[in-house]
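What follows is the residue order along each chain.
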Amino acid sequence: MTGETVQATAAPSNISADDLVIEAIEVIPVRVPLVKTYQGSNYSMTNRCTIVTRVHTRNGLVSEVYNGDTDAEQAVIVDIIRNEIVPHLLGRTALSVEACWEAMLPPTYDILRDRSLALQAIACLDSALWDLVGKALGIPLFRLWGGYRDRLPAICIGGYYSDDEADIARQIEWYRELGFAGCKFKVGRLSPAEDAHRTRLARKAGGDDFVLMVDANQGYTRQEAIEFARLTEDLGLRWFEEPVRWLNDRLSMRDVRLTTGVRVTAGQSEDTRAGLRDLISAGAVDACNADASWIGGPSEWRRVAALASMFEVEMAHHEEPQVSAHLLASIPHGTYLETFDPDRDPIFWNLIANRAPFAGGDYAVPEGPGFGLELDWDYISRYRSEPAS
């Protein structure tokens, strides 16, 4: 929704760079066991994880935001933050976000370690710094970044595999009851024909007004993806996400787009701006779903969004609704807020104490300063994945 004037929280007066000098940084890893194992094309999930980052400034402002869902390497990311990045930030002002971002790069130079782990660590702190900037100015970040709209259509990532075919209709019905406008439905584990049948059941359960896209998580070969797209061309799919395997994904996705006319979305599996640049410039995607929590934070995501606009490519965002809402609402080519149902992402549904409900398929972007989050510290304490210091 555009053109609305909403009263933002009054900005504190006389905020200076010295007031926002960084004095301390807290990092709190959280891991919540899921009620069941969730299966996609070639993966399964048993936990939901995140990292809460609190940056303390000289004038008493403290960030309150969380990032990421990495499980196995969560402790490595936390260690990179504490031992390799924090020393580069202490004493700097949070108002110099670009300078801070550059100062955090050295941990990515280690050629013997997966660079994506350092980029995820940077993302935690970049998000926290932007939260502080918004709090210092007294405005929500989506308005600081452009304020194109204040609500977003919301979709639920779901349609996970089970042995009971009737479960598809139950899942879709639940998503509608939760207030979602649509579903990003999992495919890629079975044959194109079997997955097309499952998708047809999802369309029937959701109805014609229910937004439906599919996500193969790189599960098909190029020819299988083309076959699936042709089998489902009458279902009005909004997009086909990560349709092909990683071995030749960029060119194969371009072929799927040009051969079938289906809209292709990808980007979450790229962890650098260079990779995302090449994906977009190769004509491989209609929408880019880069994940700010994986590529180095909102600063990097906004750079990619600017590039995408030059190629008339839409921007989506892989999960992370607590961060993505502000990013997507700030630009004209943003698409859908993605999240999960309460069982698949108990963190989003329980950790945010002031979470707005989904209404009529939409999500109201938080109007509080910064990311506008108020976290439930009892929940954090309950699921903290390391002893409190």
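Sequence order as written defines the numbering, with residues in each chain counted from 1. Owing to the predicted nature of the model, reporting of local features is limited to residues with pLDDT of at least 70; listing and counting of side-chain atom pairs is limited to 80 or more, with chain, interface and lining totals taken over all residues. Side-chain calculation: all heavy atoms of the structure are included, whereas hydrogens and water are not.

- The protein appears in an unreviewed UniProt entry as Mandelate racemase/muconate lactonizing enzyme family protein from Actinomadura bangladeshensis.
- UniProt positions are given in the numbering used here, feature names are shortened, and annotations may be inferred rather than shown by experiment. Per UniProt, the comment on the protein under Cofactor (unreviewed entry) is "Mg(2+)".

## Examining helix α7 (residues 222-231)
Inference 1: Whether a residue is buried, partly exposed or exposed follows from its accessible area with a 1.4 Å probe, protein chains only, as a fraction of its type maximum: under 20%, in between, or over 50%, in that order. Each helix is a run of H or I in the DSSP string that is no shorter than four residues. Each strand is a run of E no shorter than two, and both are numbered from the N terminus. For α7, the full list of buried residues reads Ala-225, Ile-226, Phe-228 and Ala-229. Projected down its long axis, α7 shows its buried positions confined to an angular sector of 160°, all on one face.
Inference 2: Residue contacts are counted whenever heavy atoms from the two residues lie within 4.5 Å of one another. Buried residues in α7 make contact with α6 (192-206), β6 (211-215), β7 (240-241) and α8 (249-260). The arc in question is traced by the directions running from the helix axis to the C-beta atoms.

## A closer look at the pairing of strand β2 (residues 44-57)
Inference 1: The buried count for β2 comes to 10 of 14 residues, which makes it a mostly enclosed element.
Inference 2: DSSP-based pairing: two strands are paired if at least 2 bridges between them are found. Note: strand β1 (residues 22-39) against β2, 13 bridges, orientation antiparallel. By the bridge assignment for β2, Tyr-38 is matched with Met-45.
Inference 3: From the end of β1 to the start of β2, which pair antiparallel, there are four residues.
Inference 4: In terms of strand pairing, β2 meets strand β3 (residues 65-67) through three bridges, oriented antiparallel.

## Remarks on unusual backbone geometry
Inference 1: Positive phi, close to 40°, is recorded for Glu-242, a residue that is not glycine.
Inference 2: For Glu-242, a relative accessible area of 4% puts it in the buried group.
Inference 3: If you check the backbone angles, Glu-320 has positive phi at about 50° while not being a glycine.
Inference 4: You can see Glu-320 is positioned in the loop between β10 (314-315) and α12 (321-329).
Inference 5: Classification of Glu-320 by relative accessible area gives buried; the value is 3%.

## Some details on the pattern of salt bridges
It is possible for side chains bearing opposite charge to pair when their charged atoms get close.
Inference 1: Think of a salt bridge as a Lys or Arg side-chain nitrogen and an Asp or Glu carboxyl oxygen that are within 4 Å of each other. According to the stated counting rule, one finds 31 salt bridges in the structure shown.
Inference 2: A salt bridge links Arg-58 to Glu-23; the shortest N-O distance between them is 3.7 Å. Taken together, the positions of Arg-58 in the loop between β2 and β3 and Glu-23 in strand β1 put the pair 35 residues apart, joining distant regions of the chain.
Inference 3: Given a relative accessible area of 48%, Arg-58 falls into the partly exposed group.
Inference 4: In this structure, Glu-386 and Arg-82 form a salt bridge, with 2.5 Å as the shortest nitrogen-oxygen distance.

## Examining the domain arrangement of the protein
Inference 1: As used throughout, domain bounds are those supplied by an automatic or database domain assignment. The domain architecture assigned to the protein consists of domain 1 (17-138 + 378-383) and domain 2 (142-371).
Inference 2: Inter-centroid distance (C-alpha atoms) of domain 1 to domain 2 is 24 Å.
Inference 3: Our count for the domain 1 to domain 2 interface comes out at three salt bridges.
Inference 4: Salt-bridge contacts for Arg-48 lead to Glu-319; the nearest nitrogen and oxygen are separated by 3.0 Å.
Inference 5: Any N or O atom pair separated by 3.5 Å or less is treated as a polar contact, with the protein-specific requirement of one donor-capable and one acceptor-capable atom, and with residues adjacent in sequence counted only for side-chain atom pairs. Counting across the interface, domain 1 meets domain 2 through 19 residue pairs in polar contact (both at pLDDT 80 or more).
Inference 6: Mapped by element, the contributors of at least two residues to the side of domain 1 that touches domain 2 are β1, β2, β3, α2 (97-103), α3 (115-137) and α14 (377-383).
Inference 7: Gly is placed with the polar residues, together with every amino acid not listed as nonpolar (Ala, Val, Leu, Ile, Met, Phe, Trp, Tyr, Cys and Pro) or charged (Asp, Glu, Lys and Arg). Class assignment of the residues belonging to the side of domain 1 that touches domain 2 gives a composition of 20 nonpolar, 13 polar and six charged.

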